[in-house]
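So the chains spell out like this:
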Amino acid sequence: MSSKEEYRIIPRTMSTQHPDNATTPDWSRDEVIGGNAEVLEAYYTYSTLGCQEVMWDSEGKDADTRVVRKLLQKYWDYFAGHTIGEDLFLTYRVPNPKIEGAEKKIIVETLQNIPVAYDVATLVYKREVSPLFEVILPMTTDAKEIIMLFNYYKKAIVEAEDAKLYDQTTVKDWMGNFRPKAIKVIPLVEDFDSIINVDQIVAPYIKAVKPKQQRVFVARSDPALNYGHLCAVLLSKIALSKLKALEKESDTTIHPILGVGSKPFRGHLSPDNIDNFLQEYRGLSTVTIQSAFRYDYTTEQVKEGIQTLNQRLPNGTPDLIDGEDEVILKGILAKCRKEYEHQIEVMAPFINAVAAYVPARRTRKLHIGLFGYSRCVAGVCLPRAISFASALYSVGIPPEFIGMKALNQLNEQEWSLLSKHYIKMNYDLKVVGEYVSLSNINMLTEMSQITAKRSGMSEEQLKDALTSVIEDLNTTEQKLGIKLGPRGFSQRRHENFTNNFLLSFLQKHDAEARTALIESAKLRKCLG
């Protein structure tokens, strides 16, 4: 690996293809973005919005592996002065062979394209350029996975250039050198144990590969789906602390990436909440700029927000959590997780019924998620995080509040530590609390028989779920002193659309239901 690749600048803003936008972008002809439109999107994201990196996703969707050639060919006037791999970055998220099953070998196709992109860029720029040299491995749970990925590229792709094809003629003689000679691997940790033990995953990789700089991707969205809002916040804080401690013990500079969406449930990074976000999650090098951030706000707001993030990241040092505090935090996590999981299991049929109305924004294949209930509790699995959150926002029950009655179980020491490490808790819940609709909850209760039948669940199960939701909301108001429900014009209009959605949903007026769901999403500036 050349020194240029090792000591490159670390991009601060990573545009991703997460389909959480309510509004169709101006440049798109279709509501569902895919194929060549995503190539145009990458160019737009760099040139107009100012993002420094684009995550090119071949996990869960069919990605165009010729993206570098298409970008340079179609938009050379821009990329002539902005070199991919030096000034701007394109980073593959590859499938994890452990998870993918039938399509695990897509990783082979993706990695083999890295030397192709090198040849294309080197020819076009008339000098050696590695536009692709870093890949993200999702759902990483063990150091051996990222070490194997690093070694696979090196041994199966690069070292294959020395294989003899005929007499003494090698692959290299026939096709030329394969470069770059090595890739950098970014582990993406998403499940509870992997996040809380992220240092134990990264340390062996650092020891084996000895990078001077190492990026580590911590999920924030799926943990909220999997374990609840409070757990997702605390897991992020523990991970950032452990990565900083590992950095101090090694000769490697660690650059954390946090994968965040617009609303508090998925991280609360939006153009109008940047100051609060940077105060909440200290110690970051890179953040994701997802579709809702880019398309549900004015272009000027988006450009200004991205410019601010590019300037202000990295944003200091995370709070270091000692062993004693970690034990207490794990106790909080256990209480919150148990309460959340119990409730979601009961609500799952209703959530799935509503999520069927959430519109697609990207061409995606079926994704095998991490959620505990993807192992199918009572035969019911949950949708992806965006559709899950969208379903709950769309009925006036923001997902942030599910399981909040666990706060009643916290002792004084636990409460103090939660408040210390989730510094914007009151603010986050106050903001999203305006999307709570008690009138909708009352409607669901009054029409419990119809709702239960519509959702494929028992009426008793539905009533239990709604009773738990009311307890969560009451706990939040009592413990945090927050008054829930709409106050401003926009929030009241949002409630009207969620009310219309519920009525249409219960009457099976599908077109009206979808329209109301999308209109409410546009008001809150994201699907989920």
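Residues numbered from 1 in each chain as written. Predicted model: local features only at pLDDT ≥ 70, side-chain atom pairs only at ≥ 80, totals over all residues. Heavy atoms only, no water.

Of regular secondary structure, the protein chain possesses 24 helices and ten strands. Against the 2.2 N^0.38 benchmark of 24 Å for 528 residues, the protein chain shows a C-alpha radius of gyration of 24 Å, consistent with a compact globule. Along the first, second and third principal axes, the C-alpha set of the protein chain runs to 80 × 55 × 45 Å. By residue count, 60% of the 528 residues in the protein chain fall in the buried class. Counting only contacts in the protein chain whose residues sit at least 6 apart along the sequence, the fraction spanning at least 24 positions is 80%. When the accessible area of the protein chain is evaluated, it comes to approximately 21,000 Å², of which 49% is carbon and sulfur surface. (Helix = DSSP H or I, 4+ residues; strand = E, 2+ residues; numbered from the N terminus. Rg over C-alpha atoms; globule rule 2.2 N^0.38 Å. Buried < 20%, exposed > 50% of the residue type's maximum accessible area, 1.4 Å probe, protein only. Contact = heavy atoms within 4.5 Å. Areas by Shrake-Rupley, 256 points an atom, 1.4 Å probe, with all protein chains shown as cover.)

Further remarks concern the sheet that holds strand β7 (residues 184-189). Spatially, β1-β2-β3-β4-β7-β8-β9-β10 is the arrangement adopted by the eight strands of the closed barrel, whose pairing is parallel. Each strand axis lies, on average, 30° off the axis of its neighbour in the sheet, ignoring direction. Judged from the seven bridges that link them, strand β8 (residues 213-219) and strand β9 (residues 253-259) form a sheet pairing that is parallel. Counterpart to V218 in the pairing with β9 is L258. Sitting on the sheet, helix α10 (residues 198-209) touches β7, β8 and β9, and the angle it makes with β7 is about 170°. (Pairing = 2+ DSSP bridges. Axes fitted to C-alpha atoms, helices over the stretch in contact; angles between N-to-C directions.)

All right, on to the pairing of strand β10 (residues 286-289) then. Every other side chain in a regular strand lies on the same face of the sheet, so the side chains alternate between the two faces. Burial along β10 is two-sided: the face carrying T286 and T288 and the face carrying V287 and I289 are both buried. Relative to β10, strand β1 (residues 13-15) runs parallel, the two being bridged by three bridges. Within β10, the position partnered with S15 by the bridge is I289. In this sheet, β10 lies alongside β9 in parallel orientation, the contact comprising two bridges. Bridge pairing links I257 to T286 in β10. A crossover connection joins β9 to the parallel β10 through helix α13 (residues 274-280); in handedness this β-α-β unit is right-handed. (Right-handed = clockwise from strand over helix to strand, strands pointing away.)

The alternating pattern of strand β4 (residues 134-137) places E134 and I136 and V135 and L137 on opposite faces, both of which are buried. Relative to β4, strand β3 (residues 89-93) runs parallel, the two sharing two bridges. The residue bridging Y92 from the neighbouring strand is V135, located in β4.

A few words now on the pattern of salt bridges. Under the counting rule described, the total for this entry stands at 27 salt bridges. One salt bridge connects E280 with K237, and the closest N-O pair in it is separated by 2.6 Å. Of this pair, E280 sits in helix α13 while K237 sits in helix α12 (residues 229-249); the two residues are 43 residues apart in sequence, bridging distant segments of the chain. Two residues, K405 and D472, come together in a salt bridge whose shortest N-O distance is 3.8 Å. A residue pair is termed long-range when its members are at least 10 positions apart, and K405 in the loop between α17 (385-393) and α18 (412-421) and D472 in helix α22 (residues 459-480) qualify at 67 residues. Three or more residues joined by partner-sharing salt bridges are found here, namely E339, K405, E471 and D472. (Salt bridge = Lys/Arg side-chain N within 4 Å of Asp/Glu carboxyl O.)

On to the packing of aromatic side chains. Applying the stated criterion across every chain yields a total of 17 aromatic pairs. When the ring of Y78 is compared with that of F79, the centres are 5.0 Å apart and the planes differ by 80°; the resulting orientation is edge-to-face. Across this residue pair, the class does not change: Y78 and F79 are buried. Judged by centre distance (6.3 Å) and plane angle (80°), the rings of F350 and F505 are edge-to-face. Pair noted here: F350 is in helix α16 (residues 323-355) and F505 is in helix α23 (residues 489-506), with a separation of 155 residues, a long-range link. Taking relative accessible area as the criterion, F350 reaches 4% and is therefore assigned buried. By relative accessible area, which is 0% here, F505 ends up buried. In textbook terms, an aromatic cluster arises when at least three aromatic residues are bridged by ring pairs, as seen for Y43, Y46, Y75, Y78 and F79. (Phe/Tyr/Trp six-rings, centres within 6.5 Å; stacked < 30°, edge-to-face > 60°.)

Following both chains from N to C, one finds helix α3 (residues 67-74) and helix α6 (residues 106-125) inclined at 20°, their axes separated by 9 Å at the closest point. Here α6 runs roughly parallel to α3, going by the angle between their axes. Note on packing geometry: the crossing formed by α3 with α6 is left-handed. Contacts between α3 and α6 involve V68, R69 and L72 from the first element and A117, V120, A121, V124 and Y125 from the second. Considering only residue class, the contact of α3 with α6 consists of seven nonpolar, no polar and one charged. (Parallel < 35°, antiparallel > 145°, perpendicular 65-115°, else oblique. Left-handed = near helix turned anticlockwise from the far one by under 90°. Nonpolar A, V, L, I, M, F, W, Y, C, P; charged D, E, K, R; others polar.)

Scored by pLDDT, the protein chain has a mean of 93; 94% of the residues are at 70 or more. Below a pLDDT of 50 lies the segment residues 1-5, which in the model reaches ten contacts outside its immediate sequence neighbourhood of four places, other chains included. Ignoring residues within four places in sequence, the model shows residues 366-379, a span with pLDDT below 50, making 25 contacts including any to other chains. (pLDDT = per-residue confidence, 0-100.)

Taken N-terminus to C-terminus, the directions of α16 and α22 make an angle of 125°; their axes are 9 Å apart at the nearest point. Put simply, α16 runs oblique to α22. Note that α16 runs across α22; the crossing there is left-handed. Here Q343, E345, V346, M347 and P349 of α16 come into contact with α22, specifically with Q461, A465, S468, V469 and D472.

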